[in-house]
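# Results of the structural survey
Listed here are the chains, written in short residue letters.
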Amino acid sequence: MYLFIHRKDLRTYDLRAFDALKRRGLPGLHVLILDPLLLTEERMQAHSGQQFLEHAARLEQSYEAAGRKLHVLYGRPEEITADLLEAYPIQGVVAHADYTPYAKKRDAALAAATALRSVPVVFVEDLPLAPHAQFQEFSGRSEPYKVFTPFYRKWNSFMQTYYTGAASATISDLDTVNPLNEVIATRYELPLQTAAAWSRIKRLHADGKDQNAQQVLRRFIDERIHAYEQRRDVYAEDGTSGLSRFLNSGALSARTAYEAAADMPAAALWLRQLCWRDFYLYQAALSKDFFTCEQQYEMSALDDGHFAAWANGETGIPIIDAAMTQLNQTGEMPNRLRMVTAMFLTKNLLCPFTLGEAYFRMHLADYDHALNKGGWLWSSSFGYDAAPYFRIMNPVSQSTTHDPHGRYIRRWLPELSGLSDREIHQPRPHAIVDLKASRARAVEVYKHILGH
Ligand SMILES: Cc1cc2nc3c(=O)[nH]c(=O)nc-3n(C[C@H](O)[C@H](O)[C@H](O)COP(=O)(O)OP(=O)(O)OC[C@H]3O[C@@H](n4cnc5c(N)ncnc54)[C@H](O)[C@@H]3O)c2cc1C
């Protein structure tokens, strides 16, 4: 018997580990561990936690629909694993690899717990489209790429030559073990807060209203991908795929997404976005200081003075306040506005990016540690391949260019809807900063911090 632990792979098809498990032909105990260090009480109430729980509830339903059993438990992964190894004749533990600092620590603890009982553990690579070791060998480099464009060129030729396709086994090809040891089921039972997400998904499912990853992908490919290039920044409309929350929880694999679009001539720019995802996962796995690179800078010139106004959407700059209102209410924010709000916080308001990064962590429904870090490093000019410190997006001109009629602002800030198309983008009389003066100040401060 083996133990399979789900993490950011909340689906029942196209999982690399399932192919390997099918070949072994043993029965398996399949568990999803909700980790209290990641799913804190606060996080469970926030969009990012709710979203994860909803995907977890869908996963359980997919197992049920296939006549298989998933055990969902709440507790520290290494403790649960140790207890399961005591209670069952488990010969091996299998999970997919993850690259964040916490994931690495967690998996080291898991490996230590299994080693104590002489049970092997394997972490199978599943997240990126281009497997890291193979890609590094293909690129002939000893050091990881730090800049996106050359990475993208190499990634493209790698994908043309070595991409091996989606995994073929599904949960129906595996035998799962049921019931669960009662002591373990009670010791690690789910906290009450998770119940809301479970019943929401059950209700949607029963009413036929739940949108699964495949449906969202299909609709994007059939209806919107052809116009992605023209519409992706028209953020008042639904021009992008909306797939990030499925990709980050693993409800959809990047391979399934890639294959749905790979042969479409109009898809090049969208596939390039999937490459950005691979780039940040690659940085997270291979660059030693991706998660800590800001520590080399002296940042005492930055402070949290205006942070609360930014977070609450009370800056008096309409597009910033509209974007933060959408985030706070729904957990969503279009990519361009993530860049605009991030630059505004870090440059015009001179706040450390780590505050914004932490805020997005809690509030984004599609939160992912590596992608969020990458986005914040880029916007605040700290990453290897970041926006130059003097190129600061002006929120008013961004708003005028990408949404001339102010439809997005009108939707999220209805109190401004009476303003004309020209007025609606302009700073309000109570705006907390002057855009021109704060931009000039930011250029000086960042020039100093970055040592230019
Ligand atoms: C400050 C900041 C923070 C961000 N935080 C996150 C985050 O926590 N989680 C997250 O998934 N994305 C994050 N992004 C990237 C991007 O904004 C989202 O991936 C995108 O808005 C998701 O919408 P979509 O699925 O409709 O994307 P589409 O435009 O349809 O793109 C398809 C997929 O490509 C990937 N992708 C697209 N843009 C990027 C990008 N700039 N960087 C990396 N991958 C990309 C995503 O997986 C996305 O789902 C952040 C960007 C910034 C500037």
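None of these values were measured; they are calculated from a predicted model. (Residues numbered from 1 in each chain as written. Predicted model: local features only at pLDDT ≥ 70, side-chain atom pairs only at ≥ 80, totals over all residues. Heavy atoms only, no water.)

## What to know about the overall build of the protein
Per the secondary structure count, the protein includes 22 helices and five strands. The C-alpha atoms of the protein give a radius of gyration of 23 Å, which matches the 22 Å a tight globule of 452 residues would have. Counting only C-alpha atoms and orienting by the principal axes, one finds that the protein spans roughly 70 × 55 × 45 Å. Per-residue burial for the protein yields a buried fraction of 55% across its 452 residues. Here the contacts in the protein between residues at least 6 apart in sequence split such that 80% fall between residues at least 24 apart. Looking at the protein as shown, the accessible area adds up to about 20,000 Å², and 51% of this sits on carbon and sulfur atoms. In the protein, 50 positive and 52 negative side-chain charges are present, and the distance between their average locations comes to 4 Å. (Helix = DSSP H or I, 4+ residues; strand = E, 2+ residues; numbered from the N terminus. Rg over C-alpha atoms; globule rule 2.2 N^0.38 Å. Buried < 20%, exposed > 50% of the residue type's maximum accessible area, 1.4 Å probe, protein only. Contact = heavy atoms within 4.5 Å. Areas by Shrake-Rupley, 256 points an atom, 1.4 Å probe, with all protein chains shown as cover. Lys, Arg positive; Asp, Glu negative; His and termini not counted. Charge placed at Lys NZ, Arg CZ, Asp CG, Glu CD.)

## Observations regarding the site of the ligand
Neighbouring the ligand are 27 residues; Tyr228, Thr240, Ser241, Gly242 and Asn335 lie closest to it. Here an oxygen atom of the ligand sits 2.6 Å away from a polar atom, N or O, in the side chain of Thr240. Considering the ligand on its own, with 830 Å² of exposed area, one finds that the protein chains cover 95% of that surface. Those elements giving two or more residues to the shell around the ligand turn out to be helix H12 (244–249), helix H14 (268–286), helix H17 (335–348) and helix H19 (369–379). The element best represented in the shell around the ligand is H14, accounting for six residues. Split into classes, the residues belonging to the shell around the ligand amount to 13 nonpolar, ten polar and four charged. When residues of the shell around the ligand are assigned to domains, at least three fall in each of domain 2 (128–164 + 213–250 + 252–287) and domain 3 (293–449). (Near = heavy atom within 4 Å. Polar contact = N/O pair within 3.5 Å; in protein donor to acceptor, adjacent residues only side chain to side chain. Nonpolar A, V, L, I, M, F, W, Y, C, P; charged D, E, K, R; others polar. Domains from an automatic or database assignment.)

## Points about the UniProt feature "domain: Photolyase/cryptochrome alpha/beta" (unreviewed entry) in the protein
The feature "domain: Photolyase/cryptochrome alpha/beta" (unreviewed entry), as annotated in UniProt, sits at residues 1–129 in this numbering. The span residues 1–129 carries 47% helix and 19% strand; its end-to-end C-alpha distance comes to 30 Å. (UniProt positions renumbered as here; feature names shortened; annotations may be inferred.)

## Remarks on unusual backbone geometry
Keep in mind that most residues, glycine aside, have a negative phi and that most peptide bonds are trans. Across the junction of Asn178 and Pro179, the peptide omega takes the value 0°, indicating a cis bond. The residue Pro179 is located in the loop between helix H7 (148–162) and helix H8 (182–187) in this model. Unlike most non-glycine residues, Ser118 shows phi in positive territory, near 55°. Mapping Ser118 onto the fold places it in the loop between helix H5 (101–116) and strand E5 (121–124). The class for Ser118 is exposed, based on a relative accessible area of 65%. A positive phi angle, near 70°, is found at Ser381, a position not held by glycine.

## Some thoughts on the nonpolar core
Nonpolar side chains in soluble globular proteins tend to end up buried together. Phe151, Trp155, Trp270, Trp310 and Tyr408 are the most contacted members of the largest nonpolar core, which has 97 residues in total. With ten residues, the top contributor of residues to this core is H14. Apart from the residues lying within four places of it in its own chain, the contact partners of Trp270 are Leu217, Phe220, Ile225, Tyr228, Ser241, Leu243, Ala257 and Ala261. Listed in part, the 27 residues of the second largest apolar core include Leu15, Phe18, Leu59 and Ala169. (Core = buried A, V, L, I, M, F, W, Y, C linked by side-chain atoms within 4.5 Å.)

## Some thoughts on the packing of H7 against H14
The axes of two packed helices give the description: the angle between them and the distance between them. Put simply, H7 and H14 touch, their axes get as near as 10 Å, and they point 110° apart. Our classification of the angle between H7 and H14 gives roughly perpendicular. Every pair of crossing elements has a handedness; the one defined by H7 and H14 is right-handed. Mapping the contact onto sequence places Phe148, Phe151, Tyr152 and Trp155 in H7 and Ala268, Leu271, Arg272, Cys275, Trp276, Asp278, Phe279 and Tyr282 in H14. Among the residues forming the contact of H7 with H14, the class breakdown is ten nonpolar, no polar and two charged. (Axes fitted to C-alpha atoms, helices over the stretch in contact; angles between N-to-C directions. Parallel < 35°, antiparallel > 145°, perpendicular 65-115°, else oblique. Left-handed = near helix turned anticlockwise from the far one by under 90°.)

## Here we look at the side chain of Thr114
Among the structural elements, Thr114 can be located in helix H5. Accessibility expressed as a relative area gives 1% for Thr114, which makes it buried. Excluding residues that lie within four positions of it along the chain, Thr114 makes contacts with Thr81, Leu85, Val93, Val119 and Val121.

## Some thoughts on the pairing of strand E3 (residues 71–74)
Of the two faces of E3, the one lined by His71 and Leu73 and the one lined by Val72 and Tyr74 are each fully buried. Pairing of strand E2 (residues 28–34) with E3, which is carried by four bridges, proceeds in the parallel orientation. What sits directly across from Leu34, in E3, is Tyr74. (Pairing = 2+ DSSP bridges.)

## Re the state of the cysteines
Considering all chains together, one arrives at zero disulfides under this definition. Of the cysteine sulfurs around Cys275, a residue in no disulfide, the closest is that of Cys293, at 19 Å. Relative accessible area serves as the criterion here: at 0%, Cys275 is assigned to the buried category. Free of any disulfide, Cys293 has its nearest cysteine sulfur in Cys351, 18 Å distant. (Disulfide = S-S within 2.5 Å.)

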